[in-house]
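One letter stands for each residue in the lines below.
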Amino acid sequence: MISPRLLQIAMLVEKNKVVFDVGSDHALLPCFLVENNISPKVYAGEIALGPLNKAKENIEKHHLEDKVIPVFSDGLAKAEDDVDIVIIAGMGYHTIKHILDSCDVYKYQYFLIQSNSDVELVRQYISDHMYTIEDERVVYDGFYYQIIRFSADLHEPYTELEIKYGPINLKRRDEVFISYLLDYKKRLENINVKANKAEYSQIIREIEEILGYNN
Ligand SMILES: C[S@@+](CC[C@H](N)C(=O)[O-])C[C@H]1O[C@@H](n2cnc3c(N)ncnc32)[C@H](O)[C@@H]1O
């Protein structure tokens, strides 16, 4: 079974689409997508030979050689033309930015991005390019992870609050997003006891407003 984080990403993949998983490591997600009849074909892209070989071993173990295709590639540089959906997960913002800057975003139906760092910079990047955030999820898997689905459809720039917390998260206000906010607020309050910094108090007030506190 795959982790809750990868499972949540899998649940955002539309059925019967060809997927390219950038930085696939052991190809766990591509094998899951094919074995569960979500995707007919998934490319497992890797820039490093070690993980690529692990991916090949895993694909053979699952007898998925005709449906999960390992690709030695920096980002989408070697992607075939039949790809619909791109997944970029488990990497930092700067690697994600490099991958997006180096490809033609307009060629793909949508991207699923899960950044291990600076999620607000991912949203800033999407906003600066006037792309559209179509969906978002927060998932707890030891840490809180955020998954963003975006497409190259034209959208006006997002507000500062939307960039920080996510336009769909703010609208949907689902349970995990609220837990994430409460956890974030608690962490800031703990730091603030020692540092007493105005910027922390400001973020705490902002979170309380989103949570609907009166004071
Ligand atoms: C921490 S793993 C994440 C694996 C998986 N995507 C996940 O979310 O669990 C990151 C992988 O991305 C690969 N990677 C880093 N930069 C890359 C790039 N520019 N193109 C393709 N793969 C890359 C690394 O070699 C590594 O195997």
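What counts, and where the lines are drawn
Sequence order sets the numbering: in each chain, residues are counted from 1 along the sequence as written. It should be noted that, the model being predicted, local features are given only for residues of pLDDT at least 70 and side-chain atom pairs only at 80 or more, the latter also being counted only at that level, while totals for whole chains, interfaces and linings use all residues. Excluding hydrogens and water, the side-chain values take into account all heavy atoms of the structure. Note on classification: 1.4 Å probe, protein chains only; a residue is buried when its accessible area is under 20% of the maximum for its type, exposed when over 50%, partly exposed between these limits. Counting from the N terminus, the helices are DSSP H or I runs at least four residues long and the strands are E runs at least two residues long. We call two residues in contact when some of their heavy atoms are within 4.5 Å. The split into domains, and so the bounds of each, comes from an automatic or database assignment of domains. By buried area we mean the combined loss of accessible area, with a 1.4 Å probe, across both parts when two parts are placed together. A carboxyl oxygen of Asp or Glu within 4 Å of a side-chain nitrogen of Lys or Arg is what we treat as a salt bridge. The rule for pairing is simple: two strands pair if DSSP sees at least two bridges between them. All axes here are fitted lines through C-alpha atoms, helices being fitted over the stretch that makes contact, and every angle between N-to-C directions spans 0 to 180 degrees.

Caption draft 1: How the structure looks around helix α1 (residues 4-11). Taken together, the buried positions of α1 are occupied by R5, L6, Q8, I9 and A10. Elements in contact with the buried residues of α1: α2 (28-35), β4 (85-91), β5 (110-115), β6 (132-140) and β7 (144-151).

Caption draft 2: Representation of the domain arrangement of the chain. Partitioning the chain into structural domains gives domain 1 (4-156) and domain 2 (173-215). For domain 1 versus domain 2, the separation of C-alpha centres amounts to 31 Å. Taken together, the contact pairs five residues of domain 1 with five residues of domain 2. Where domain 1 abuts domain 2, roughly 460 Å² becomes buried across the two surfaces, and 69% of that area is made up of carbon and sulfur atoms. Looking at the side of domain 1 facing domain 2, the largest losses of area belong to V138, Y144 and Q146, adding up to 91% of the total buried there. Our enumeration of links across domain 1 and domain 2 arrives at zero salt bridges.

Caption draft 3: Seen up close, the pairing of β7. The element β7 is largely enclosed, with a buried count of six among its eight residues. Across three bridges, the pairing between β5 and β7 is antiparallel. Its bridge partner lying in β7, L112 is registered against R149. Relative to β7, β6 is paired through eight bridges, and the arrangement is antiparallel. Bridging from a neighbouring strand, R137 pairs with I147 of β7. Between β6 and β7, which pair antiparallel and follow one another directly, the connecting turn spans three residues, one of which, G142, has a positive phi of 90 degrees.

Caption draft 4: Examining the sheet that holds β4 more closely. Across the sheet, seven strands lie side by side as β3-β2-β1-β4-β5-β7-β6; this open sheet has mixed pairing. The open sheet terminates on both sides in strands that have one partner only, identified here as β3 (68-72) and β6. Looking at each pair of strands side by side, their axes are set apart by 20 degrees on average, direction ignored. Set on the sheet, α1 makes contact with β4, β5, β6 and β7; between it and β6 the angle comes to about 150 degrees. Lying over the sheet, helix α3 (residues 49-61) contacts β2 (42-46) and β3, oriented at roughly 165 degrees with respect to β3.

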